[in-house]
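# Secondary and tertiary structure notes
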Amino acid sequence: MEPNGLSDTEILIRSRADPELFAALYRRHAAAVYRYLARRVGTFAAEDLLGDVFVAALSGRFQVTPHVSASALPWLYGIAGNVVREHLRRRSRASPDVGPGVAVVDWDAVNARLDAHRLREELGVALSVLTATELELLLLVAWEQLSPAEAAAALGITPVTARSRLHRARLRAQAELGVLATTTEEI
Amino acid sequence: MNLDTLLDSTATVADPPDSAFEHGLKQLEMAAASSQQHPARGKRARHYGLLAAAAALVIAAAVLVPSLAGSSGSSAQAATVFREAARSAGQQPGGWPDAPYWHSVSTYQRDGKTFTREIWISHDGTSVLRDPGVDPGIMALGPETFPAGGSQFTWDQLYALPTDPTQLAGVLRRGIHGAGADDDSELFVIVGDLLRESPAPPSLRQALYEVAATVPGVTSVGTVVDRDGRTGQGLQRNDQLYVVDTSSGQLLQEESQGWVSTYESQGPATSAPAATTR
């Protein structure tokens, strides 16, 4: 059965009893989830992790209480974030610092996928001044096009806090870009 | 380069190759088949972050306009108001260095409806959130920290902060990490960050208000009636407005860029509700 006419919410609910329905959610959202992964850990790891995200989502379908007429995509991004964090943790066993507050970005992979040296440098400089939370907020809004309120709820902070942190994160990142531009001109 | 342009131009990635798409689908189908044989009941719930719950959020397009009474006052007036709030805050009983949870209740509006948000911030475990505007259930948040500019404090670090206003301002300014062009704005925002939904003891609250009193460019906007009908003093700097009850030192409400949160209560708790598991 191909539940193409069903909403994400209905698939999520029905898949509790009928897990094979989950494939419809995969067909709908695999590309977006893959892009989320590829942006943060590169295409190579994204190919590896894509299935993991949906397998984790499948076993989490009992825990999600979906909204009426909601897309499951933000929920899937949340799971993808955890999968990426786990991936980075496995990879860097040696550095015990990889904890829950660590950003879900593999900078080496990001640098590898950006072919313009200038972009690599600017992105690294602009985002290096942000905290893990600010970085996640900013990227969910800028790269995945979530609304600030969605990102706020994602991180468990009030909309006011998220707005002001996003605002500050932008100011800081933009200021770093300004400094970079000035120093580069001087050279 | 402009930040938005930079983020836009670094967002582009290709869609998955067919092989990756098929591989992932096969992985899922195998898991689905085995999950049918072994129902997932009893499997350990994984923490998915709150994106799960964010799925259907829609922001109201309407911008809330603050209803400010009274005329604008000077920075000196604002400092006086903050110092009064500081004194009152410092006289409150309490100090919760060992509480297991910090329970805060606030309200906010969206789509013309008022939502009540309750958060139980765990001392060193998983925090939980109940917010019907986000999800009908109770959501696990994972470990929470208290934001302060570029740094984050744990509960214990919060209790290790100096309560001498000059020293505290020094620590907080260091934490700003050269944020933006305007450290004063940042410091003003950090004061709110550490007052709301925070187990900061009375001595730290007092010091925070005293730090706020030293920030230049704050305007006293006079008496403000908050969403709950409580009366407080409005203190504004750029787009950040705090409404403070100077007789208790309580932060009643704040507004930033059109968003309004009204703070009902906060205090220690010995337990938190379990995250919803269905």
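Residues numbered from 1 in each chain as written. Chains lettered and ligands numbered in written order. Predicted model: local features only at pLDDT ≥ 70, side-chain atom pairs only at ≥ 80, totals over all residues.

## Section: the overall build of chain B
Note the following rule: Under the scheme used here, helices are H or I runs from DSSP no shorter than 4 residues and strands are E runs no shorter than 2 residues, and both carry numbers assigned from the N terminus. With C-beta atoms placed from the backbone, a residue counts as buried when 20 or more other C-beta atoms lie within 10 Å of its own, as exposed when 12 or fewer do, and as partly exposed for counts between those limits. It is the C-beta atoms, placed from the backbone, that decide contacts: two residues are in contact if theirs lie within 7 Å.
Assigned secondary structure in chain B consists of eight helices and eleven strands. Expressed as a percentage of the 278 residues in chain B, the buried residues total 44%. Taking all contacts inside chain B whose residues are at least 6 apart in sequence as the whole, residues at least 24 apart take part in 61%.

## Regarding the overall build of chain A
The number of helices and strands found in chain A is eight helices and zero strands. Taken from N to C terminus, the helices and strands of chain A fall in the order α-α-α-α-α-α-α-α. Sequence-distant contacts, at least 24 apart, represent 60% of the contacts inside chain A between residues at least 6 apart.

## So, helix H3 (residues 73-91) of chain A
Inclusion rule: Helices are assigned an expected span. That span is 1.5 Å times one less than the residue count.
Its 19 residues give H3(A) an end-to-end C-alpha distance of 26 Å, which sits within 8% of 27 Å, the value for a rise of 1.5 Å per residue. Within H3(A), the full set of buried residues consists of Leu73(A), Pro74(A), Trp75(A), Leu76(A), Tyr77(A), Gly78(A), Ile79(A), Ala80(A), Gly81(A), Asn82(A), Val83(A) and Val84(A).

## Comments concerning the packing of helix H4 (residues 75-91) of chain B against helix H8 (residues 202-213) of chain B
Residue and element names in this part refer to chain B. In plain terms, the rule: Throughout, an axis means a line fitted to C-alpha atoms (over the contacting stretch in the case of helices), and angles, computed between N-to-C directions, take values from 0 to 180 degrees. The scheme is simple: roughly parallel for angles under 35 degrees, roughly antiparallel for over 145, roughly perpendicular for 65 to 115, oblique for anything else. For this classification, the nonpolar set comprises Ala, Val, Leu, Ile, Met, Phe, Trp, Tyr, Cys and Pro, the charged set comprises Asp, Glu, Lys and Arg, and every other residue, Gly included, is treated as polar.
Remark: H4 packs on H8, axes separated minimally by 8 Å, with the N-to-C direction vectors making an angle of 175°. What the angle tells us is that H4 and H8 run roughly antiparallel. Of the residues in H8, those touching H4 at Ala79, Phe82, Arg83, Ala85, Ala86, Ala89 and Gly90 are Pro202, Ser203, Arg205, Gln206, Tyr209, Glu210, Ala212 and Ala213. Here the residues of the contact of H4 with H8 are counted per class, giving nine nonpolar, three polar and three charged.

## So, the confidence of the model for chain B
All names here are of chain B. As a reminder, the rule being used: The predictor attaches a confidence to each residue, and that confidence, scored 0 to 100, is pLDDT.
Confidence in the prediction of chain B, expressed as mean pLDDT, is 80, and 78% of residues score 70 or more. Averaged over each element, pLDDT in chain B is lowest for helix H3 (residues 51-54) (29) and highest for H8 (97). When the criterion is pLDDT under 50, residues 37-72 qualifies, and its contacts beyond four places in sequence or with other chains add up to 86 contacts. Confidence metrics for the complex model read pTM 0.55 and ipTM 0.85.

## Some details on the packing of helix H7 (residues 183-195) of chain B against H8(B)
Residue and element names in this part refer to chain B. Put simply, the test is: We call a crossing left-handed when the near helix sits turned anticlockwise from the far one by less than a right angle, and right-handed when that turn is clockwise.
Interhelical geometry of H7 versus H8 gives an angle of 160° and a closest axis separation of 9 Å. With respect to H8, the element H7 is oriented roughly antiparallel. The two elements H7 and H8 cross, and the hand of that crossing is left-handed. Residue-level contacts link Leu187, Phe188, Val191, Leu194 and Leu195 of H7 to Arg205, Leu208, Val211 and Ala212 of H8. For the contact of H7 with H8, the per-class residue count stands at eight nonpolar, no polar and one charged.

## Considerations on the nonpolar core
Counted only if it meets this: Definition of nonpolar core: a set of buried Ala, Val, Leu, Ile, Met, Phe, Trp, Tyr and Cys residues joined via C-beta atoms within 7 Å.
Core analysis: the biggest nonpolar cluster contains 56 residues, and Val33(A), Leu37(A), Leu50(A), Val53(A), Leu76(A), Ala80(A) and Leu28(B) have the highest contact counts within it. Contact partners of Leu37(A), with chain neighbours within four places excluded, come to Ala45(A), Ala46(A), Leu49(A), Leu50(A), Ala80(A) and Val84(A). In terms of nonpolar packing, the next biggest core, distinct from the first, is built from 41 residues, Ala85(B), Ala169(B), Leu172(B) and Phe188(B) among them.

## Things to note about the environment of Leu187(B)
Mapped onto the elements, Leu187(B) comes out in helix H7. Exposure remark for Leu187(B): the 22 C-beta atoms within 10 Å place this residue in the buried category.

## Some words on the environment of Gln77(B)
Residues and elements named next belong to chain B. As for its placement among the helices and strands, glutamine 77 is situated in helix H4. Assessed through the 17 C-beta atoms surrounding it within 10 Å, glutamine 77 is described here as partly exposed. Residues glutamine 77 and serine 220, spaced 143 residues apart in sequence, show a C-alpha to C-alpha distance of 6.0 Å.

## Examining the confidence of the model for chain A
In this model, chain A carries a mean pLDDT of 80, and residues with pLDDT of at least 70 account for 82%. Ranking the elements of chain A by mean pLDDT puts helix H7 (residues 148-155) of chain A last, at 71, and helix H2 (residues 22-59) of chain A first, at 93.

## What about the pairing of strand E10 (residues 250-256) of chain B?
Residue and element names in this part refer to chain B. Where we set the bar: Should DSSP find at least two bridges between two strands, the strands are regarded as paired.
Counting buried residues along E10, seven of its seven residues qualify, which places the element largely inside the surrounding structure. In this structure, strand E9 (residues 240-245) lies alongside E10, joined through six bridges in antiparallel fashion. The residue of E10 that forms the bridge with leucine 241 is glutamate 255. Joining the antiparallel neighbours E9 and E10 is a turn of four residues, in which glycine 249 adopts a positive phi near 75°.

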